[in-house]
Every structure is written in structure tokens, then in C-alpha cells.
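Residues per chain are reported as follows:
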Amino acid sequence: AEHATFFEHVLLLSIATVPVIGPVLVGHGSIGLIYGYLLMFDFLRCLGHTNTEVLPHQMFDSFPILRFFLYTPTYHSLHHQDKDTNFCLFMPLFDFLGNTLNAKSWDLHRQISLDATAKSSVKKDRVPDFVFLAHIVDISSAVHASFVFRSFASLPFSMRLFILPLWPGTLIVTTMMWAWAKPFLFSFYELRGKLHHTWAVPRAGYQYFLPFATKGINKQIEHAILKADRLGVKVLSLAALNKNESLNGGGVLFVNKHPNLKVRIVHGNTLTAAVILDGLPKNVKEVFLTGATSKLGRAIALYLSRRRVRVMMLTLSTERFQKIQKEAPADCQKYLVQVTKYQTAKNCKTWIVGKWITPREQSWAPAGTHFHQFVVPPILHFRKDCTYGDLAAMRLPDDVQGLAVCEYTMERGVVHACHAGGVVHCLEGWQHHEVGAIDVDRIDVVWQAALKHGLKPVSWTNS
């Protein structure tokens with residue numbers, strides 16, 4: 001359109017307006033007629049420029065007369081290939097009357113439609129190499145999906161006003177999913193010839209904390225794992241609450257129950273630990289750690305103790321602290337110190353937060369503190385004189401293809417570190433399950449493998 005001449009613009013305007021002006025002049029015009037005609041005019045004109053066959057060839061086979069009233073992208077493309085045919089804007093009838101109709105138009109349309117159907121069938125039958133098993137975070141973010149709002153899902157999730165009126169309906173749908181739905185395909189992309197899927201367990205975050213829902217959630221996860229195993233998926237990575245220690249021991253439950261699984265189950269927390277550790281200052285001598293006896297807390301504490309970093313582990317359980325301390329080499333155990341109060345860290349500027357802390361608890365940190373975190377949801381940015389890190393995440397390699405949606409609040413192309421951990425496991429072709437406690441000896445191995453394959457921590461790409 002930007003290359004049209006002035007005369008062409010005048011001619012097009014005349015074609016569009018004369019049929020509207022005529023009824024107006026004879027006293028039968030209306031606002032509805034004007035809008036209806038112009039909308040239909042533009043729709044039919046755009047139909048031939050979509051570059052995708054919207055209308056099935058069967059429609060023209062069943063009702064041949066439509067060939068004289070509707071044109072298709074195939075019909076219009078032949079005009080550009082063979083410039084003495086198919087001149088009409090959207091009614092092939094006039095090409096037929098003027099003897100300029102390309103005889104190949106409808107046979108070619110049929111062939112293109114059949115080829116597209118065949119390719120679609122092959123694509124649907126293709127087995128993914130890797131599956132990231134996610135879940136609904138909350139009711140509001142449930143609409144952050146390409147099959148609900150494609151444009152919204154292509155951007156990082158944030159609360160928008162238009163979500164509020166949808167909240168009651170979304171709550172009803174998610175409740176119905178709780179009763180009847182099974183894990184489903186949420187999104188997909190390709191990386192180096194491997195198809196990667198994200199499947200979603202039809203459960204929202206709050207449901208994971210209902211005691212009576214635990215059994216049902218594990219059944220859903222087990223269903224997804226067994227389906228992946230039947231299909232021939234190589235690696236399945238558990239997201240967020242799907243690998244909760246109290247739920248299934250970080251995946252141990254499923255590996256023990258099904259010892260002959262061919263699909264490798266991965267919690268991805270080894271890479272999560274590596275990303276958190278990489279974000280610490282290189283010359284750090286002391287850190288304050290909350291969530292210290294959790295899976296990630298334990299691994300971070302043991303790793304840092306081996307590097308002679310003093311770790312103040314906040315926990316009331318002396319038994320759990322001592323159990324972790326005994327795992328450290330004898331000459332490193334002194335670097336692990338149990339503390340029971342936030343006041344103890346009032347002079348420490350490196351806080352690693354693995355358990356949600358209130359603004360009051362944050363107030364004990366000295367000015368200039370940086371809060372590294374692996375807690376969900378992230379802590380409030382309460383302190384203006386301190387800085388806050390994001391959740392551990394990595395950017396996928398540059399050659400990733402087909403990314404259409406954002407992973408929750410992440411930019412497109414950025415995924416949570418546990419997702420990235422599963423990707424690395426798949427790319428490396430490792431044959432072991434990564435479930436249960438984190439193997440501290442493998443933190444550096446997994447980290448180097450991630451960098452080798454072109455994954456980068458978000459802190460690098462933002463600096």
C-alpha cells in the first residue's frame with residue numbers, strides 16, 4: 001500500500017465508497033450499512049494477503065460457486081507470479097468474465113491445504129525430547145497463556161486491570177480443572193533439533209498447601225511422568241512446587257515407585273544452586289542464609305563452607321543443622337554456624353533468602369545489603385538502602401526457535417534455573433535421575449555444562 005500512486009488511492013477509495021454513497025443518495029443509507037460494508041470490504045481484501053490458507057479447500061469443492069466470490073492467498077499469489085492473471089481484488093467472478101482467471105488457482109489451493117494438513121499431522125505426532133512440568137501459579141496468572149491471550153502471554157506477566165473482571169470466571173475454570181483435567185501441553189519451542197514442551201499440572205499454587213490435595217497432585221504428576229515415559233521423552237523436569245520436598249521428596253517418590261523409568265526425572269535445583277552461588281561477590285567472606293536446612297539451603301551452605309566462607313545458618317533445629325554440618329569436610333565444619341535470630345546478621349551485607357522474610361526482619365540487615373533469593377514468592381522490596389536480586393534464572397541459547405510465550409514474569413527467552421537445569425540434562429544426554437538431595441560435587445559440573453551450551457545467567461545479560 002505504501003507504494004501505491006495517488007491515482008490508485010483515488011481509485012480504491014471510489015471502489016470502497018460508491019456502493020455506500022448509492023444507497024444514501026436514494027434514501028436507503030444507514031450507519032449499519034456503512035460500517036458493515038467497509039468492514040466486509042477490508043476483511044475480503046485482507047483475506048488474500050494473510051499468507052496462510054484460512055479457508056479450507058473442501059469448502060470450494062462442496063460449494064463451487066464460492067470460487068467466483070472469494071479469493072485466497074494462493075489465488076492472489078498467482079497474480080504476482082503470472083502478472084497477466086487474477087487481477088480482481090476479491091471477486092474472481094470478474095477475472096472469469098474477463099478471461100484472466102488462472103486455471104491453476106483452485107488445484108494449487110487444494111494441494112497447499114493438503115500439504116499443510118500433512119505437516120501439521122507430523123508435527124502433532126512428534127515426540128518431545130524434553131518436558132518441563134509446570135503448574136498454575138495463581139488465579140490471576142492463569143490467563144497468562146497463549147490459548148487465552150496470545151499477545152499478553154508474549155510479555156512478562158504483570159497484574160493488569162483487564163484481569164480483574166476475568167477473575168471469577170477464571171476461578172470457576174481452575175476449580176473445574178481441579179475436578180476433571182489432566183496435565184496438558186502449555187507451550188513448546190525447539191533447541192538444536194530437539195523439541196521442548198512445557199506441560200502444566202492443572203493445579204494452582206495455593207492448592208499445594210492444602211493437606212487433603214497432596215495425594216491428588218502426586219497422581220497428576222505421576223500421570224504426566226508415565227505418559228512421558230510411554231511417549232519416549234528423554235528428560236522431564238519438575239517445576240517449583242511439583243518437586244516440593246514435603247510433597248514427593250523432590251521426585252524421589254516417583255523414581256522409587258517406578259524403578260524402570262526410561263525418562264530421566266530432574267528437579268533442576270543443582271543448576272539453581274549454581275546460579276545463586278555465581279551471583280555472590282567473588283571475595284565474599286561471610287553470608288547470612290535463611291531457609292538454611294532446605295534442599296537448596298543445605299547445598300549452598302556446604303558449597304560455601306568448602307570455599308572457606310562463613311555461613312550463618314538461620315534455623316531453630318539444632319538436629320537438622322548438625323546433620324548438615326557433619327556432611328561438610330572436617331576442616332570446613334567450623335565455617336557453618338547455627339544462628340536463631342535475624343539480629344545476628346546486623347553486620348552482614350550478603351543475605352541469601354530461602355524463606356520468606358517480613359519487612360521487620362529485613363530491617364536487621366545493614367545499609368548496602370544485597371538480598372539474593374530463592375524463595376517463592378519473592379520478598380518485598382522494602383529497603384530503599386538495599387538491593388534485591390531476582391529469582392535464579394537463565395537465558396536460553398541464541399539459537400532457540402519458536403518461543404512464543406514468556407515464562408511467568410521472565411522475559412521471553414529467559415527461564416527459571418530449574419527449567420534450564422532440565423535443558424542441560426537433555427543436551428548433555430545424562431542418564432541419571434536428578435532427584436532428592438542436591439549432589440554438591442555436581443554443582444560445578446552442571447554449571448560448566450550450562451555455559452558450554454550457551455545458557456547464561458540473567459545477571460550477566462543485564463549487566
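A brief structural summary.

What counts, and at which threshold
Residues numbered from 1 in each chain as written. Predicted model: local features only at pLDDT ≥ 70, side-chain atom pairs only at ≥ 80, totals over all residues. Heavy atoms only, no water. Pairing = 2+ DSSP bridges. Helix = DSSP H or I, 4+ residues; strand = E, 2+ residues; numbered from the N terminus. Buried < 20%, exposed > 50% of the residue type's maximum accessible area, 1.4 Å probe, protein only. Arc of directions from axis to C-beta. Axes fitted to C-alpha atoms, helices over the stretch in contact; angles between N-to-C directions. Parallel < 35°, antiparallel > 145°, perpendicular 65-115°, else oblique. Left-handed = near helix turned anticlockwise from the far one by under 90°. Contact = heavy atoms within 4.5 Å. Nonpolar A, V, L, I, M, F, W, Y, C, P; charged D, E, K, R; others polar. Core = buried A, V, L, I, M, F, W, Y, C linked by side-chain atoms within 4.5 Å. Salt bridge = Lys/Arg side-chain N within 4 Å of Asp/Glu carboxyl O.

Brief notes about the sheet that holds strand 10 (residues 370-373)
A sheet is described by the order of its strands in space; here 6 strands give the open sequence 8-7-6-9-10-11, paired in parallel fashion. Where the open sheet ends on each side, the last strands, each with one partner, are strand 8 (336-339) and strand 11 (387-388). Two elements, strand 6 (residues 286-289) and strand 9 (residues 350-353), share 2 bridges in a ladder whose sense is parallel. Directly across from Phe 288, in strand 9, lies its bridge partner Trp 351.

Concerning helix 17 (residues 443-452)
Of the residues making up helix 17, those classed as buried are Ile 443, Val 446, Trp 447, Ala 449 and Ala 450. Summarising the axial view, the buried residues of helix 17 lie within an arc of 165°, below the 170-degree limit, and thus occupy one face. Those residues of helix 17 that are exposed and angled more than 90 degrees off the buried face are Gln 448 and Lys 452. Within two residues after helix 17, Gly 454 carries a phi angle of roughly 90°, on the positive side.

What about the packing of helix 12 (residues 269-278) against helix 16 (residues 417-428)?
At a minimum axis distance of 7 Å, the contact between helix 12 and helix 16 shows a crossing angle of 120°. Here helix 12 is positioned oblique relative to helix 16, judged by the angle of their axes. At the point where helix 12 passes helix 16, the crossing takes the right-handed sense. Here Asn 269, Leu 271, Thr 272 and Val 275 of helix 12 come into contact with helix 16, specifically with Ala 417, Cys 418, Ala 420, Gly 421 and Val 424. Of the residues assigned to the contact of helix 12 with helix 16, the class counts are 6 nonpolar, 3 polar and no charged.

Remarks on the environment of Arg 360
In this structure, Arg 360 sits in helix 15 (residues 359-362). Note: C-alpha distance between Arg 360 and Tyr 342 (18 residues apart in sequence) is 9.9 Å.

Observations concerning the side chain of Ser 154
Mapped onto the fold, Ser 154 is located in the loop between helix 7 (150-153) and helix 8 (167-180). Judged by its relative accessible area of 16%, Ser 154 is buried. Once residues lying within four places of it in the same chain are set aside, the contact partners of Ser 154 are Ala 404, Val 405, Cys 406 and Arg 412.

Digging into unusual backbone geometry
At Arg 192, a position not held by glycine, the phi torsion is positive, near 55°. Its place among the elements puts Arg 192 in the loop between strand 2 (184-191) and strand 3 (194-204). With a phi close to 55°, Tyr 408 is a non-glycine residue in the positive phi region. Along the chain, Tyr 408 falls in the loop between strand 12 (393-395) and strand 13 (414-416). Using a relative accessible area of 27% as the deciding quantity, one classes Tyr 408 as partly exposed.

A closer look at the nonpolar core
The biggest cluster of nonpolar side chains holds 56 residues, and the ones touching the most others in it are Leu 271, Leu 304, Ile 352 and Ile 443. Apart from the residues within four sequence positions on either side, Ile 352 is in contact with Ile 276, Leu 280, Val 287, Phe 288, Leu 289, Thr 290, Ile 300, Leu 304, His 372 and Phe 374. Counting residues in hydrophobic clusters, the runner-up holds 21 residues, among them Val 131, Tyr 208, Ile 225 and Leu 241.

Notes on the environment of Leu 261
Here Leu 261 shows up in the loop between helix 11 (252-257) and strand 5 (264-266). Each C-alpha atom of the pair Leu 261 and Leu 164 lies 43 Å from the other, and the pair is 97 residues apart in sequence. Filtering out sequence-adjacent residues up to four positions away, Leu 261 remains in contact with Ile 225, Leu 226, Asp 229, Phe 254 and His 433.

Quick word on the pattern of salt bridges
In this structure the tally under the stated criterion is 18 salt bridges. Ionic pairing is found between Asp 444 and Arg 307, a salt bridge with its closest N-O pair at 3.1 Å. Residue Asp 444 is found in helix 17, and its partner Arg 307 is found in the loop between helix 13 (295-306) and strand 7 (310-314); the two are separated by 137 residues along the sequence. Exposure remark for Asp 444: the relative accessible area of 33% places this residue in the partly exposed category. A relative accessible area of 43% places Arg 307 in the partly exposed class. It is possible to trace a salt-bridge network through shared partners that takes in Asp 61, Arg 67, Asp 107 and Arg 110.

Some words on the sheet that holds strand 5
One open sheet accounts for 5 strands, arranged 2-3-1-4-5; its pairing is mixed. Pairing within the sheet leaves two strands with one partner each, and these edge strands are strand 2 and strand 5. Between one strand and the next, the sheet's axes are offset by a mean angle of 25°, whatever the strand orientation. Inspection of the sheet shows strand 2 paired to strand 3 by 7 bridges, in the antiparallel sense. Each residue of the ladder has a partner; that of Glu 190, found in strand 3, is Leu 195. Contacts from helix 8 reach strand 1 (130-136), strand 2 and strand 3 within the one sheet, and its direction differs from that of strand 3 by about 100°.

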